[in-house]
Amino acid sequence: MNMKTIMDWIREIDLVSKKFEETFSDFTQEEMNFKPGKKVWSIAQNIEHIILLNSSYFEYFEEIHNRNHSLPKIEDLDTKAQESVIALKPFTGRQRLKRTNTWDIWQPKKGFIDRNILRDFEESQLQFKNHIKGFEDLLLSETFIRYPGHLDLLFKLDDCIEFLIEHENRHWNQVVEIGRHSSTSNGS
């Protein structure tokens, strides 16, 4: 079994952060907000969405740190966690095999998003890493966390962290495509 360590996850989060910063730090606000189609998010909206999704877990991370995270009354948490991962994986992988409508709690703003979204992303990534570092004393494969978007779904904590990082990479792939469209539409 491929067990990642907390430091492996920290490195992966740092890599995602670095890719976003190095690629988009020189983009103008207009390029960050460019949408190649009505139903496509801009780079800034994708970044805001990642922040919204990750931060929706932060309260649960705190509860786990404080040992007061409540779970649904389910007899077999392991089976439920496996079913939850299987149900969500096709929608969250970086290959983008299936697409679905994003739940309202994770919808980015429809209008113009300030270019400072990259700074906000970096701050959110730092919070994410700090939460993960705080899990050093836990057995992550035996600690469970609720899915914020649906009360009946839950994950093992290590699967949750993997899911969030994979989701970041999925949106990285999206923004790279949008960045290409933005560059060609602006004559760059």
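Above: the structure in question.
Residues numbered from 1 in each chain as written. Predicted model: local features only at pLDDT ≥ 70, side-chain atom pairs only at ≥ 80, totals over all residues. Heavy atoms only, no water.

Trainee: Could you give an account of the packing of helix 1 (residues 6-24) against helix 5 (residues 117-133), with specific residues and numbers?
Mentor: Running from N to C, helix 1 and helix 5 cross one another at 175°; their axes reach a closest spacing of 10 Å. As far as their axial angle goes, helix 5 and helix 1 are roughly antiparallel. Between helix 1, through Ile-6, Trp-9, Ile-10, Ile-13, Asp-14, Val-16, Ser-17, Phe-20, Glu-21 and Phe-24, and helix 5, the contact on the second element is made entirely by Leu-118, Phe-121, Glu-122, Gln-125, Phe-128, Lys-129, Ile-132 and Lys-133. Looking at the contact of helix 1 with helix 5 residue by residue, the classes come out as eleven nonpolar, two polar and five charged. (Axes fitted to C-alpha atoms, helices over the stretch in contact; angles between N-to-C directions. Helix = DSSP H or I, 4+ residues; strand = E, 2+ residues; numbered from the N terminus. Parallel < 35°, antiparallel > 145°, perpendicular 65-115°, else oblique. Contact = heavy atoms within 4.5 Å. Nonpolar A, V, L, I, M, F, W, Y, C, P; charged D, E, K, R; others polar.)

Trainee: Just give me the short version of the environment of Gln-125, but keep the residues and values in it.
Mentor: Mapped onto the elements, Gln-125 comes out in helix 5. In this structure the C-alpha to C-alpha distance between Gln-125 and Asn-54, which are 71 residues apart in sequence, comes to 8.5 Å. Once residues lying within four places of it in the same chain are set aside, the contact partners of Gln-125 are Ile-13, Val-16, Ser-17, Asn-54 and Glu-168.

Trainee: Residue-level account of the nonpolar core, with values.
Mentor: Residues Tyr-57, Phe-61, Phe-135, Ile-145 and Leu-157 are the most contacted members of the largest nonpolar core, which totals 27 residues. Among the secondary structure elements, those contributing two or more residues to this core are helix 1, helix 3 (43-65), helix 5, strand 1 (144-147), strand 2 (150-156) and helix 6 (157-185). With residues near it in sequence (within four places) discarded, Leu-157 still touches Phe-61, Ile-64, Phe-135, Leu-138, Leu-140, Thr-143, Phe-144 and Ile-145. (Core = buried A, V, L, I, M, F, W, Y, C linked by side-chain atoms within 4.5 Å. Buried < 20%, exposed > 50% of the residue type's maximum accessible area, 1.4 Å probe, protein only.)

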